[in-house]
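One letter stands for each residue in the lines below.
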Amino acid sequence: MAYDEMAVDRVQHAILETPRTDIMSAADISRRVIVVGGGIAGLAVSMRLAQAGFPVILLEASELGSAASARNQGWLHSGALFALDTPPYARACMAALDQTLRFCPECIEPDASPMLYLFSRDDADVGSWTQAWTAAGIPWHSIPINSACAGLTGLDTTRIRYAFQLPDRAIRTSHLLFRLAAAAQAAGVEVRACTPARCLPIENRRIYGVVTSSGEVIYGQMVILAGGSSGLDMCSEFLEQCPGGQADFELIRLKSHLAALQPMIGPTPFCIPDAGGLNHLPHGTSSVFGSTQWERVSTADDLPIPKHVERLKQTIDEFFPDQISRSDSLQLWAGTTAQALRFDQIEAGRDIWPAVIDHARHVPPVDNLISVFAGRATLWAKLAEDTRRIVRAKLDVGPLQPAPRI
Ligand SMILES: Cc1cc2nc3c(=O)[nH]c(=O)nc-3n(C[C@H](O)[C@H](O)[C@H](O)COP(=O)(O)OP(=O)(O)OC[C@H]3O[C@@H](n4cnc5c(N)ncnc54)[C@H](O)[C@@H]3O)c2cc1C
């Protein structure tokens, strides 16, 4: 069980399910935007569109936030990890960190401090890193290794050469999901959990609604697919490769592995960029470890791949000898997410940008279908704003309410 599963359960029970279709006017139904998928992407996009004045219905196959959005590591990136290779992505992460803290301050993991960036190699080019952080507007400071590592039980400090503190935080994703769901509902989104979308009926390049698994047809003027990894097949249906019509991106599934140890090694999150990106995020009474390795996979399952589990355990062992064997409990799990990557980004796991795909521009063309991919959960606000802009540009809807600042 993922560390956040109980909390996700609370999200479900707190969400009011008030079907509004019966009180929606025919005019509203014809203007309606249908969002498929109730993870962080679907919730953020629904909220933003409803705030902008669109009637929105969100269909979730099972429970809100039950897939990648609840199985992730809860790392609110400052962008420092990406500042050397992709400065624009680092800046986008830093902006997202500020937006997330403003929108949902309670999502910060209580008692956890800002993140340590530790370097383990003598020849680590820390000068380049610090310059890149400064250039990206990410505040940092160097700290003595002993005081930096004092709170990390079992760490072999002889392996650490440099230590810096950066603003990355451990967050409780369930709190962010809950806040988004509540804001979406307050803005008028009709949320329907346990309503899988089964197919998208299409006529003359236009989708006229969504057919649910019970056979109900939900009509609307636009469909937004936010189904994450498990919803990819619906989207792929429209993107079969056509000779000469290749899109400039590829839809891929990415899998990553996490390990939770109890008792926790301490309340300090850290990452070690020059050790496979080994990282640690404290959550409740657990220490959740991950790495920056992502595997390309072909199925939507979340089953761990043994060789990747072993690699993660070995890296933890190198820095925290015997800590796994001494722990009271070790949980290992994998999570899968989906992303639209440009071909030069296929070495996955680094700068995975939020992507909004307007299918009118791709083969085969569908005029009123959009697919959205979050990239990182914490880039939700950028994804939502990018989507709002594209939807606004595509739909002839007259003046809309200005979107509130996040
Ligand atoms: C192991 C792991 C660790 C990660 N760590 C981090 C991290 O620390 N920080 C960070 O920012 N990001 C992290 N990410 C990335 C982040 O979790 C994802 O980018 C994000 O959660 C994707 O959200 P989503 O809404 O697109 O997809 P999901 O959360 O997968 O949601 C998709 C939803 O659509 C629903 N759905 C699918 N098909 C249908 C259908 N036919 N009808 C109706 N509903 C449907 C599903 O039930 C699901 O609820 C991590 C991802 C993984 C896998």
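Since the structure is predicted, the reported quantities are computational estimates derived from the model, not experimental observations. (Residues numbered from 1 in each chain as written. Predicted model: local features only at pLDDT ≥ 70, side-chain atom pairs only at ≥ 80, totals over all residues.)

Comments concerning the confidence of the model for the protein chain
Detailed reading of the predicted coordinates is not advisable wherever pLDDT falls low. Scored by pLDDT, the protein chain comes out at a mean of 88, with 87% of its residues at no less than 70. In this model residues 16-21 is a low-confidence stretch, pLDDT under 50, and it forms seven contacts with partners more than four residues away in sequence or in other chains. (pLDDT = per-residue confidence, 0-100. Contact = placed C-beta atoms within 7 Å.)

With respect to the site of the ligand
In the vicinity of the ligand there are 40 residues, among which G37, G39, A67, G228 and G335 approach most closely. Looking at the shell around the ligand, the elements with two or more residues in it are α3 (40-51), α4 (68-71), β15 (249-262) and β20 (329-342). Residue composition of the shell around the ligand, by class: 16 nonpolar, 21 polar and three charged. Both domains that meet at the shell around the ligand, namely domain 1 (5-68 + 174-248 + 352-394) and domain 2 (84-171 + 250-344), each give it at least three residues. (Near = placed C-beta within 6 Å. Helix = DSSP H or I, 4+ residues; strand = E, 2+ residues; numbered from the N terminus. Nonpolar A, V, L, I, M, F, W, Y, C, P; charged D, E, K, R; others polar. Domains from an automatic or database assignment.)

A word on the packing of α3 against helix α12 (residues 380-394)
Between α3 and α12, the shortest axis-to-axis distance is 8 Å and the interhelical angle comes to 50 degrees. One finds that α3 runs oblique with respect to α12. Crossing of α3 over α12 shows right-handed handedness. On α12, the residues touching I40, A41, A44, V45, M47, R48 and L49 of α3 are W380, A381, L383, A384, E385, T387, R388 and V391. (Axes fitted to C-alpha atoms, helices over the stretch in contact; angles between N-to-C directions. Parallel < 35°, antiparallel > 145°, perpendicular 65-115°, else oblique. Left-handed = near helix turned anticlockwise from the far one by under 90°.)

Overview of the sheet that holds strand β13 (residues 217-219)
Here three strands make up an open sheet; going across it, the order is β9-β12-β13 and the pairing antiparallel. Looking at which strands have only one partner, the edges of the open sheet turn out to be β9 (197-199) and β13. Averaged over all pairs of adjacent strands, the angle between strand axes in this sheet comes to 45 degrees, irrespective of strand direction. Relative to β13, strand β12 (residues 209-212) is paired through three bridges, and the arrangement is antiparallel. Following the sheet pairing, V211 is matched in β13 by V217. (Pairing = 2+ DSSP bridges.)

Details of the nonpolar core
If you look at the biggest cluster of nonpolar residues, it comprises 112 residues, and the most contacted ones within it are A44 and I224. At eight residues, α3 tops the list of elements feeding residues into this core. Both of domain 1 (5-68 + 174-248 + 352-394) and domain 2 (84-171 + 250-344) provide at least three residues apiece to this core. With near-sequence residues (within four places) excluded, A44 lies in contact with L180, W380, A381, L383 and A384. (Core = buried A, V, L, I, M, F, W, Y, C linked by C-beta atoms within 7 Å. Buried ≥ 20, exposed ≤ 12 C-beta atoms within 10 Å, placed from the backbone.)

So, the sheet that holds strand β21 (residues 355-358)
In sheet architecture, strand pairing relies on hydrogen bonds along the backbone and comes in two forms, parallel and antiparallel. Read across the sheet, six strands follow the order β8-β2-β1-β14-β22-β21 without closing on themselves; strand pairing throughout is mixed. Sheet topology places β8 (190-192) and β21 at the edges, where each strand pairs with a single neighbour. Strand-to-strand twist of the sheet, defined as the mean angle between neighbouring strand axes without regard to direction, takes the value 20 degrees. Note: strand β14 (residues 222-225) against strand β22 (residues 369-373), three bridges, orientation parallel. Following the sheet pairing, I224 is matched in β22 by I370.

Some words on the packing of α3 against helix α8 (residues 173-186)
Two numbers describe how α3 lies on α8: the axes approach to 8 Å, and their chain directions differ by 30 degrees. Of the possible angle classes, the one that applies to α3 and α8 is roughly parallel. The chirality of how α3 crosses α8 is left-handed. On the side of α3, the interface is formed by I40, L43, A44, S46, M47 and A50, while α8 contributes L177, L180, A181, A183 and A184. Partitioning the contact of α3 with α8 into residue classes produces 10 nonpolar, one polar and no charged.

Quick look at the pairing of strand β4 (residues 115-119)
Every other side chain in a regular strand lies on the same face of the sheet, so the side chains alternate between the two faces. A large share of β4 lies buried, amounting to five of its five residues. Bridge analysis of β4 against strand β16 (residues 270-272) gives two bridges, and the strand direction is parallel. Within β16, the position partnered with Y117 by the bridge is C271.

Let's talk about unusual backbone geometry
The linkage connecting Q262 with the following residue, P263, adopts the cis geometry, with an omega of -5 degrees. Along the chain, the position of P263 falls in the loop between β15 and β16. Even without being a glycine, R205 presents a positive backbone phi close to 65 degrees. Relative to the elements of secondary structure, R205 occurs in the loop between β10 (202-203) and β11 (206-207). Residue classification places R205 among the partly exposed residues on the basis of 13 C-beta atoms within 10 Å.

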